[in-house]
Amino acid sequence: EGRGFGMGEAFHPDFVKKVLELSSEDDSTKANKEGLLVASELFRIFVKEALKRSIRAAGDEIEVDSQHIEMILPQLLLDFS
């Protein structure tokens with residue numbers, strides 16, 4: 001189980017479970033261990049891609065900031081929908 005947001009690390013299943021619970025409008029929604037692992041991998045891929053695109057958008061700048069994330073977010077969301 002991964003613990004951080006490194007490019008190769010997975011999100012902890014407890015974190016994924018909490019995110020899914022908070023985003024669900026139906027309190028009876030449940031996810032088993034396999035479902036949490038799949039969701040964790042999807043989160044990892046999404047964040048990795050967001051980081052790569054934000055770095056590209058930042059170009060020669062030293063830091064990636066919210067402006068760069070805002071620039072890439074619309075297309076990223078379309079690509080993941």
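Preceding block: the structure.
This is a predicted model, so every value here is computed, not measured.

For helix H2 (residues 33–58), spanning 26 residues, the distance from its first C-alpha to its last is 37 Å, which sits close to the expected 38 Å at 1.5 Å a residue. For H2, every residue scored as buried is listed here: Leu36, Ala39, Ser40, Arg44, Glu49, Ala50, Arg53, Ser54 and Ala58. Lining the buried residues of H2 we find helix H1 (13–23) and helix H3 (66–79). Backbone nitrogen of glutamate 34 and a side-chain oxygen of the N-cap are separated by 3.2 Å at the start of H2; the cap is asparagine 32. Backbone geometry just after H2 places glycine 59 at a positive phi near 60°.

Together, Asp60, Glu61, Glu63, Asp65 and Glu70 line one region of the surface with negative charge. Position of aspartate 65 among the secondary structure elements: in the loop between H2 and H3. Residue classification places aspartate 65 among the partly exposed residues on the basis of a relative accessible area of 32%.

Rules behind the numbers
Residues numbered from 1 in each chain as written. Predicted model: local features only at pLDDT ≥ 70, side-chain atom pairs only at ≥ 80, totals over all residues. Heavy atoms only, no water. Helix = DSSP H or I, 4+ residues; strand = E, 2+ residues; numbered from the N terminus. Expected span 1.5 Å × (residues − 1). Buried < 20%, exposed > 50% of the residue type's maximum accessible area, 1.4 Å probe, protein only. Contact = heavy atoms within 4.5 Å. Polar contact = N/O pair within 3.5 Å; in protein donor to acceptor, adjacent residues only side chain to side chain. Patch = residues over 30% accessible without salt bridge, like charges linked within 9 Å, V, L, I, M, F, W, Y side chains within 5 Å. Areas by Shrake-Rupley, 256 points an atom, 1.4 Å probe, with all protein chains shown as cover. Salt bridge = Lys/Arg side-chain N within 4 Å of Asp/Glu carboxyl O. Lys, Arg positive; Asp, Glu negative; His and termini not counted. Charge placed at Lys NZ, Arg CZ, Asp CG, Glu CD.

The values are spatial; any link to function lies outside them.
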